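Chain by chain, the residues:
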Amino acid sequence: MRKRVLSGILVTEETYLSHLEALLLPMKPLKAAATTSQPVLTVAQIETIFYKVPELYEIHREFYDGLLPRVQQWSHHQKVGDLFQKMASQLGLYRAFVDNYEAAVETAEKCCQANSQFAEISENLKVRSPKDCKDQTAKKSLEALLYKPVDRVTRSTLVLHDLLKHTPSSHPDHPLLQDALRISQNFLSSINEETAPRRQLTMVKKGESRQLLKDSFMVEMVEGARKLRHVFLFTDVLLCAKLKKQIGGKNQQYDAKWCIPLTELTFQSPEEVEPLTVPQVPDEELDALKVKISHIRSEIQKEKVFFSNKGPKVIDRLRKKLCEQESLLLLMSPSMHLRVHNKNGKSYCFLISSDYERAEWRDMIKEQQKKCKFSVGRQSSSCLEVLVDRCFSLQHSVSPEDESPGLCGFLNVIVHSASGLKHSLNLYCTLEVDSFGFFSNKAKTRVYRYTSEPKWNEEFEIELEGSQTLRLLCYEKSYNKTRQNREDGDSADHIIGRGQIPLNLQMLQGKDWQRIVIPMNGIEVKLSMKFISREFSLKKLPSSKASGVFGVKISSVTKRERSKVPYIVRQCLEEIERRGMEEVGIYRVSGVATDIQALKTAFDTNHKDVSVMMSEMDVNAIAGTLKLYFRELPEPLFTDELYPNFAGGITLSDSVAKESCMLNLLLSLPEPNLVTFLFLLDHLKRVAEKESINKMSLHNLATVFGPTLLRPSEKDSKIPANPTQAINMGDSWSLEVMAQVQVLLYFLQLETIPTPDSKRQSILFSTEV
């Protein structure tokens with residue numbers, strides 16, 4: 001690993017030396033011409049523009065020439081620390097260069113304006129390309145090349161961090177590298193540069209500082225197609241770039257697509273902009289991608305555990321494959337619009353995964369527009385080139401760390417109250433959690449009418465799939481019927497605050513509730529949270545109650561009620577069909593846990609007014625009660641005995657054999673289980689018929705109900721000793737979980753299923769599985 005890191009350093013050093021060489025190339029003829037009767041530049045101008053460049057080239061040339069033979073003659077005992085220590089001791093040259101940088105850029109710009117010959121030279125400096133590249137040279141501007149040393153020095157600590165990480169403390173290089181790192185850190189602190197590269201400075205034409213405020217990969221809609229972009233918000237411009245394809249072993253680089261000065265950017269939609277139709281990607285395709293990503297992550301973890309000589313190469317290959325799949329998921333997933341417009345009439349549309357993210361971008365842009373006191377005007381090609389190079393260094397300056405696997409299971413959240421409001425408003429909150437990097441709305445409180453101190457005290461149970469962050473948004477409800485939702489899906493309701501907290505076991509350790517306060521724009525929202533892992537939550541024991549329905553075998557309930565389908569199932573489905581079929585996210589959005597518990601108690605005690613209670617409750621609470629009933633069955637609806645056969649049958653490739661196997665298994669279920677399932681199945685199909693309104697496809701419904709109706713028996717499930725133990729990402733979207741979804745989806749997609757009243761002997765297929 002040390003050799004790999006050093007080999008990477010050699011590659012970047014070679015590239016950096018070629019940039020310095022390109023800067024030095026015109027310097028000698030310019031100096032020679034300065035003493036003639038027709039100078040291009042004066043000696044003073046040359047010394048200002050190329051200040052300390054020859055000296056920087058010499059120290060890096062010496063460093064490269066010293067490191068190359070040591071890496072080529074590598075052994076585990078090879079020493080390189082003295083080279084890094086010497087390089088660190090010469091960082092004073094960079095102080096001089098950085099202090100002069102602004103003057104160098106300003107002088108070069110003035111000289112370009114005054115002398116067309118120098119302008120031509122400065123736009124077409126030739127940089128030597130890597131040896132394995134077909135194109136021997138590439139053109140760079142003087143302004144872009146002058147920025148290279150600034151970028152190089154601010155990344156010096158990152159290189160040393162990476163090398164130290166793979167250098168044992170017993171190695172002779174370790175104290176030398178530590179010393180070099182200390183010198184580098186002190187140097188960076190002394191010139192007031194942050195060691196993290198996300199807020200380094202470039203310069204704009206008027207000598208103003210340009211600072212990066214926010215960046216992320218986003219999806220841009222271009223002529224009806226999704227395009228992956230990297231979007232950068234600077235203090236004066238919004239820049240959209242794309243990654244170039246790697247050719248001939250080159251490092252991946254950026255290409256600027258467009259740039260809008262913040263003084264010319266608006267969110268107001270011009271009248272001529274047509275409504276945008278976004279092609280939706282089927283959920284099946286998205287989940288197939290998630291399965292691939294989970295498997296690759298698991299493979300990477302296995303390679304780390306069973307590390308061999310081929311380990312690094314295998315891990316690199318897997319990481320590259322992982323990056324490709326995650327990029328594809330990023331491209332296909334988002335569907336919420338964010339439009340920006342240039343005052344000259346050009347409009348651009350991005351797709352965002354959540355309301356929180358969209359609000360974050362809008363707020364940061366609007367806030368910076370208030371501070372933006374100057375207009376940068378039209379961006380020159382050289383200016384865009386500097387920004388794109390800046391983007392390149394941002395992407396590659398930090399060593400990638402493995403992502404946390406996140407939490408899988410159930411998060412109980414109580415939204416207590418909010419304080420700090422200056423006016424009385426109609427308020428509600430929504431909760432978002434992430435899965436595979438994308439956020440979706442999971443719960444919504446009731447609207448607390450006209451108050452400055454709302455007290456919701458509502459509890460929600462949210463399912464986590466590899467989740468790492470909980471987001472909370474606080475909205476002011478609009479009752480103005482004349483305000484319609486805009487075509488981009490932006491609600492008429494106004495976000496007055498947003499905040500987020502990381503989800504980790506350290507914070508949620510133990511069975512007790514954790515009290516948390518989330519500050520947002522002067523408002524504070526109080527929450528309580530408790531986490532239970534997925535596998536522990538599925539461990540169900542038969543109820544000891546003589547009566548009741550929750551936790552009681554379905555056969556006992558139907559026998560007691562003298563019915564074929566439990567009363568609770570019939571009542572819940574009837575109420576949902578009465579007023580919940582067009583509810584967005586029905587069965588996916590969490591209901592208020594206190595309402596669910598109230599309904600659970602009412603059904604368990606055979607409360608005579610349960611139907612009245614249901615009519616007055618939020619329909620998501622009724623959906624949650626139904627899911628809770630199935631989840632608390634001591635044995636799942638598809639039974640412990642038949643579960644392995646269902647999971648195996650769905651993998652059959654022959655469609656005839658699969659249908660024969662799956663239908664035979666279905667009709668082998670005990671009659672109460674079978675009739676109840678068919679009753680639920682017909683209902684879910686009717687829900688999916690309203691998909692255009694409720695956004696719940698057959699696949700969405702299968703994803704919600706599959707792991708609840710089918711699950712491994714307790715003896716086949718590895719229950720963690722600690723109920724808050726994390727389940728890693730590879731397990732959460734394993735083939736087993738996907739099989740549960742696929743089994744239910746298979747039956748949902750069948751047009752007809754033989755009813756239990758049919759004579760089973762008339763089914764013309766083998767009874768063997």
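Residues numbered from 1 in each chain as written. Predicted model: local features only at pLDDT ≥ 70, side-chain atom pairs only at ≥ 80, totals over all residues. Heavy atoms only, no water.

> Explain the nonpolar core to me, using residue names and the numbers behind them.
Counting residues in each nonpolar core, the largest one holds 70 residues, and the members touching the most others are Tyr587, Phe630, Phe646, Phe677, Phe705, Leu709 and Phe747. With residues near it in sequence (within four places) discarded, Leu709 still touches Phe630, Pro636, Leu637, Phe638, Phe677, Leu680 and Leu744. One finds Ile9, Ala22, Leu24 and Leu30 within the second-largest nonpolar core, a separate group that totals 57 residues. (Core = buried A, V, L, I, M, F, W, Y, C linked by side-chain atoms within 4.5 Å. Buried < 20%, exposed > 50% of the residue type's maximum accessible area, 1.4 Å probe, protein only. Contact = heavy atoms within 4.5 Å.)

> Give me the side chain of Arg631: which residues, what numbers.
By the element assignment, Arg631 lies in helix α21 (residues 619-631). Given a relative accessible area of 11%, Arg631 falls into the buried group. Here the side chain of Arg631 touches Glu461 through a polar contact of 2.3 Å, side chain to side chain. (Helix = DSSP H or I, 4+ residues; strand = E, 2+ residues; numbered from the N terminus. Polar contact = N/O pair within 3.5 Å; in protein donor to acceptor, adjacent residues only side chain to side chain.)

> I'd like a description of the pattern of salt bridges, backed by residues and values.
Scanning the model with the defined rule gives 20 salt bridges in all. Linking Glu62 and Lys86 is a salt bridge whose minimum nitrogen-to-oxygen distance equals 2.4 Å. Linking Glu62 in helix α4 (residues 53-72) with Lys86 in helix α5 (residues 81-89), this pair joins segments that are 24 residues apart in sequence. Residue classification places Glu62 among the partly exposed positions, given a relative accessible area of 42%. With relative accessibility at 41%, the residue Lys86 sits in the partly exposed group. Residue Asp493 pairs with Lys477 through a salt bridge whose shortest N-O separation is 3.7 Å. Here the residue Asp493 occupies a position in the loop between β16 (469-476) and β17 (494-502), and Lys477 occupies one in the loop between β16 and β17, the gap between them amounting to 16 residues. Via salt bridges that share partners, Glu21, Arg61 and Asp65 belong to a single interconnected network. (Salt bridge = Lys/Arg side-chain N within 4 Å of Asp/Glu carboxyl O.)

> Summarise the packing of α4 against α5; cite the residues concerned and give the values.
Contact pair α4 / α5: the axes reach a minimum separation of 10 Å and the direction vectors enclose 170°. On the basis of their axis angle, the class for α4 and α5 is roughly antiparallel. Of the residues in α5, those touching α4 at Ile59, His60, Glu62, Phe63, Gly66, Leu67 and Arg70 are Asp82, Leu83, Phe84, Lys86 and Met87. Classifying every residue of the contact of α4 with α5 by side-chain character gives 6 nonpolar, 2 polar and 4 charged. (Axes fitted to C-alpha atoms, helices over the stretch in contact; angles between N-to-C directions. Parallel < 35°, antiparallel > 145°, perpendicular 65-115°, else oblique. Nonpolar A, V, L, I, M, F, W, Y, C, P; charged D, E, K, R; others polar.)

> Quick one: what's the story with the sheet that holds strand β11 (residues 407-419), residue by residue and with numbers?
Strand pairing in a sheet relies on backbone hydrogen bonds, with the paired strands running either antiparallel or parallel. Taking strand neighbours across the sheet as the criterion, the 4 strands line up as β15-β11-β19-β18 in an open arrangement whose pairing is antiparallel. This sheet does not close on itself; its edge strands, each paired only once, are β15 (455-467) and β18 (514-520). Averaged over all neighbouring strand pairs, the angle between strand axes comes to 30°, with direction disregarded. Here β18 runs beside strand β19 (residues 523-533); their pairing, made up of 7 bridges, is antiparallel. Note that in β19 the partner of Arg515 across the bridge is Ser528. (Pairing = 2+ DSSP bridges.)

> So, the environment of Ile693: which residues are in play, and what are the values?
As for its position among the elements, Ile693 is in helix α25 (residues 691-694). The spacing of Ile693 and Met581 is 112 residues in sequence and 8.6 Å in space, taken between C-alpha atoms. The residues contacting Ile693, other than those within four sequence positions of it, are Glu582 and Val584.

> So what's going on with the environment of Ile518? Which residues, and what values?
With respect to the secondary-structure elements, Ile518 resides in strand β18. Note on Ile518: relative accessible area 2%, which makes it buried. The spatial distance from the C-alpha of Ile518 to the C-alpha of Ala418 is 9.4 Å, given a sequence separation of 100 residues. Residues in contact with Ile518, not counting those within four places in the same chain, are Leu472, Gly499, Gln500, Ile501, Ile523, Glu524, Val525 and Leu527.

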